[in-house]
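Chain and residue survey
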Amino acid sequence: MQPSGHRLRDVEHHPLLTENDSYDSSSSSSSETDTADRVWFIRDGCGMICAVMTWLLVVYADFVVTFVMLLPSKDFWYSVVNGVLFNCLAVLALSSHLRTMLTDPGAVPKGNATKEFMESLQLKPGEVIYKCPKCCCIKPERAHHCSICKRCIRKMDHHCPWVNNCVGEKNQRFFVLFTMYIALSSVHALILCGFQFISCVRGQWTECSDFSPPMTVILLIFLCLEGLLFFTFTAVMFGTQIHSICNDETEIERLKSEKPTWERRLRWEGMKSVFGGPPSLLWMNPFVGFRFRRLPARARKGGPEFSV
């Protein structure tokens, strides 16, 4: 955190909004009243392409595992057990991905830095607060502005294009689950590829697959490359996320070397604050707290978009 003197200068350089400012605070406040009933979705072209690519790669892996390796197998229980296990991991991974992408990461309401709102806070004399000049909001402690989401995000760790969203206070647990399940499914796919190559070599590539030998080799090699890349990336991200949670320090705070002014929740206390409650199997469930929400579209300049 910055020293109080610097914080005062920040506030002086970016004064609070007045009635003559161009930002429409009334429309913003009315839109924030029903945010909980709407789905959070970021309209970013790169993020949407990366999210679709993630799903396609998982679907491809499921296709190769199911139709190239397991269904042609003569061992019934080998196919059933591995098929159920891999598909369960894939469903959990994609569900975690959806929860990460469509969950509000902890956005601060836009345009609340008005004189009226300031007076309602009843601040003590000499008390200093931040105002974000980009989204015109009063910035809470540990919040950072995301140029892609165009919002200040509480406990923002980073913006991940693969989930088309920021990783913040409210969706970090789903991002951790996403990286964990992708890493596990990648390891499972790599192990199955190893067994499949051994089986095909022993059988002279005649009965190991319903596809031709060249096509089988291409599909398996591509799946191995995908599994290695996915496992490396998600395992590293999973490790860094667990480290950040246990140290109660976001990636942005670590890179900026910000000295903590908050009471840190270390190790299990940090895990409990992110995953909720004492350790249990519910920590592994991406469906906890899920409920259906309506998907309204608001007409704005540039076309309709999901409300955030």
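Treat the numbers as computed from the prediction; the structure is a model and nothing was measured.

As for the pairing of strand β4 (residues 151–154)
- By the bridge criterion, four bridges tie strand β3 (residues 143–146) to β4 in an arrangement that is antiparallel. For H144, the partnering residue across the bridge sits in β4 and is I153.
- Between the end of β3 and the start of β4, which pair antiparallel, lie four residues, with K150 showing a positive phi angle near 60 degrees.

Comments concerning the packing of helix α3 (residues 45–70) against helix α6 (residues 172–202)
- At a minimum axis distance of 11 Å, the contact between α3 and α6 shows a crossing angle of 30 degrees. In terms of axis orientation, α3 runs roughly parallel to α6. In this structure, α3 crosses over α6, and the sense of that crossing is left-handed. Contacts between α3 and α6 pair T54, V58, V65, V68 and M69 from the former with F178, I182, A189, L192, C193 and Q196 from the latter.
- Looking at the contact of α3 with α6 residue by residue, the class counts come to nine nonpolar, two polar and no charged.

A short note on the UniProt feature "transmembrane region" (unreviewed entry) in the chain
- Per the UniProt entry, the sites bearing "transmembrane region" (unreviewed entry) are residues 48–70, 76–94, 174–198 and 218–238 in this numbering.
- Counted over residues 48–70, helix gives 100% and strand 0%. Its end C-alpha atoms are 32 Å apart.

Overview of the packing of aromatic side chains
- Applying the stated criterion across every chain yields a total of seven aromatic pairs.
- Taking 5.1 Å as the distance between ring centres and 85 degrees as the angle between the ring planes, the aromatic pair formed by Y60 and F222 counts as edge-to-face. With Y60 in helix α3 and F222 in helix α7 (residues 213–247), this residue pair connects regions lying 162 residues apart in the sequence.
- Between F275 and W283 the ring centres are 5.2 Å apart and the planes differ by 25 degrees, which places this aromatic pair in the stacked class.
- Given the relative accessible area of 7%, F275 is considered buried.
- Cluster of aromatic residues (ring-pair linked, three or more members): F63, F67 and F211.

So, the side chain of D44
- Among the secondary structure elements, D44 is positioned in the loop between α2 (25–32) and α3.
- Buried charged residue D44 carries no salt bridge. Nearest counter-charge: K150, at 7.1 Å.
- In terms of polar contacts, D44 uses its side chain to reach the backbone amide nitrogen of G47, at 2.8 Å.
- D44 has contacts with I148 and N164, leaving out every residue within four places of it along the chain.

Comments concerning empty space enclosed by the protein
- By the definition in use, this model includes one cavity of 30 Å³ or more.
- Its volume calculated, the largest cavity comes out at about 120 Å³.
- Only α3, α4 (76–102), α6 and α7 provide two or more residues apiece to the lining of the largest cavity.
- A class-by-class count of the residues in the lining of the largest cavity yields ten nonpolar, three polar and one charged.

Brief notes about the environment of L89
- Within the element layout of this structure, L89 appears in helix α4.
- What makes L89 buried here is its relative accessible area of 11%.
- Measuring from C-alpha to C-alpha, the distance between L89 and F178 comes to 9.9 Å, with 89 residues separating the pair along the chain.
- Apart from residues lying up to four places away in sequence, L89 is in contact with Y181, L184, S185 and H188.

Here's the deal with the side chain of R142
- Within the element layout of this structure, R142 appears in the loop between β2 (137–139) and β3.
- A distance of 3.1 Å separates the side chain of R142 from the side chain of D248, its partner in a polar contact.

Digging into the nonpolar core
- In terms of nonpolar packing, the biggest core is built from 22 residues, with F175, Y181, I182, I245 and F275 touching the most fellow members.
- Secondary-structure elements contributing two or more residues to this core are α4, α6, α7 and α9 (268–275).
- With seven residues, α6 is the largest single contributor of residues to this core.
- Not counting residues within four places of it along the chain, the set of residues in contact with I182 comprises V58, A93, F230 and T234.
- Among the nonpolar cores identified, the runner-up in size contains 15 residues, and A61, A189, L192 and C193 belong to it.

Thresholds applied
What you see as residue numbers is a count from 1 along each chain, following the sequence as written. The model is predicted, so local features are restricted to residues of pLDDT at least 70 and side-chain atom pairs to those at 80 or more, both for listing and for counting; the totals for chains, interfaces and linings are taken over all residues. Only heavy atoms go into the side-chain values, all of them from the structure, while hydrogens and water stay out. Note on pairing: DSSP must find at least two bridges between two strands before they are called paired. Per the convention used, a helix needs a DSSP run of H or I reaching at least four residues, while a strand needs a run of E reaching at least two, with both numbered from the N terminus. A fitted line through C-alpha atoms represents every axis, and for helices the fit uses only the stretch in contact; the resulting angles, taken between N-to-C directions, go from 0 to 180 degrees. Working rule for angles: under 35 degrees goes down as roughly parallel, over 145 as roughly antiparallel, 65 to 115 as roughly perpendicular, anything else as oblique. Left-handed is the label given to a crossing in which the near helix is rotated counterclockwise from the far helix by less than a right angle, and right-handed is the label when the rotation is clockwise. Residue contacts follow a heavy-atom distance rule, with two residues in contact if any of their heavy atoms lie within 4.5 Å. Three classes are used: nonpolar for Ala, Val, Leu, Ile, Met, Phe, Trp, Tyr, Cys and Pro, charged for Asp, Glu, Lys and Arg, and polar for all others, with Gly counted as polar. UniProt positions are given in the numbering used here, feature names are shortened, and annotations may be inferred rather than shown by experiment. Two rings from Phe, Tyr or Trp (for Trp, the six-membered ring) form a pair when their centres sit within 6.5 Å of each other. Planes less than 30 degrees apart are called stacked, planes more than 60 degrees apart edge-to-face, and all others tilted. For every residue, the accessible area (1.4 Å probe, protein chains only) is compared with the maximum for its type, and the residue is labelled buried under 20%, exposed over 50%, or partly exposed between those bounds. Only four residue types enter the tally: Lys and Arg on the positive side, Asp and Glu on the negative side, with His and both chain ends excluded. Just to be clear on terms, a salt bridge is a Lys or Arg side-chain nitrogen sitting within 4 Å of an Asp or Glu carboxyl oxygen. In the analysis that follows, any N or O atom pair within 3.5 Å is treated as a polar contact, provided that within protein one partner can donate a hydrogen and the other can accept it, and provided that, for residues neighboring in sequence, both atoms belong to side chains. Grid points spaced at 1 Å over the protein atoms alone were grouped into cavities, where a 1.4 Å probe fits but cannot get out, and pockets, open sets with protein on both sides within 12 Å along at least five of seven lines, with lining residues defined by an atom within 4 Å of a point. Grid points are joined across faces, edges and corners, and a volume is the space filled by probe spheres set on the points. By convention a nonpolar core is built from buried Ala, Val, Leu, Ile, Met, Phe, Trp, Tyr and Cys residues, the set being connected through side-chain atoms within 4.5 Å.

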